[in-house]
Amino acid sequence: QVQLVESGGGLVQPGGSLRLSCAASGFVFASYAMAWYRQGPGKERELVAAISNDGGDTNYAHSVKGRFTISRDNANDTVWLQMNSLQREDTAAYYCHGPAFVATVPWGQGTQVTVSS
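A. Quick look at the state of the cysteines. For the structure shown, the criterion picks out one disulfide. Between the sulfur atoms of Cys22 and its disulfide mate Cys96 the distance is 1.8 Å. Judged by the sign of its S-S torsion, about 55°, the bond between Cys22 and Cys96 is right-handed. Taken as a pair, Cys22 in strand E3 (residues 18–25) and Cys96 in strand E9 (residues 92–97) lie far apart in primary sequence, 74 residues in all. Exposure class is identical for Cys22 and Cys96. Each is buried.

So this is what it looks like as structure tokens:
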């Protein structure tokens, strides 16, 4: 019943920006922390950014700190990831999920971000 739908990915040149969106449904969105994960070619899925249920606390992977910003709108059950100063190393499929239920809820389709010149 839980559904997570990512969008906003695309092809961008190094130094460019993208804004990813995640539309959530099937659970009480405001009760759960949310996070963005990514998985590059031949790599393990990694946590990129996380945000507390009320949006008051955020955490970022060292590799993206200062460049990416996670935010959420509990009135619309949406979480965003603003990505600036994109680098080739950021190329990956990006997914949103709730850390509390990654073990039980399937991953969505994700959205592809490709950084290339």
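B. Here's a closer look at the packing of aromatic side chains. Taken as a whole and assessed by the stated rule, the structure comprises six aromatic pairs. Residues Tyr37 and Trp107 carry aromatic rings whose centres are separated by 5.1 Å and whose planes lie at 90° to one another, so their mutual orientation is edge-to-face. On the criterion of sequence distance, the pair formed by Tyr37 in strand E4 (residues 34–39) and Trp107 in the loop between E9 and strand E10 (111–115) is long-range, its members being 70 residues apart. Taking relative accessible area as the criterion, Tyr37 reaches 12% and is therefore assigned buried. Take Trp107: its relative accessible area is 28%, and that puts it in the partly exposed class. Here a set of aromatic residues connected by ring pairs shows up, and it is made of Phe27, Phe29, Tyr32 and Phe101.

What counts as what
Residue positions are counted from 1 within each chain, in the order its sequence is given. Totals for whole chains, interfaces and linings use all residues, but because this is a predicted model, local features are given only for residues with pLDDT of at least 70 and pairs of side-chain atoms are given and counted only at 80 or more. By convention in this description, side-chain values take in all heavy atoms of the structure and omit both hydrogens and water. Cysteine sulfur atoms that come within 2.5 Å of each other are treated as a disulfide pair. Numbering of helices and strands runs from the N terminus, with a helix taken as a DSSP run of H or I at least four residues long and a strand as a DSSP run of E at least two residues long. Buried, partly exposed and exposed residues are distinguished by accessible area as a fraction of the type maximum, computed with a 1.4 Å probe on protein chains only: under 20%, between the cut-offs, and over 50%, respectively. Only the six-membered ring of Trp is used, alongside the rings of Phe and Tyr, when aromatic pairs are assigned; centres must lie within 6.5 Å, and planes under 30 degrees apart are stacked while those over 60 apart are edge-to-face, with the rest tilted.

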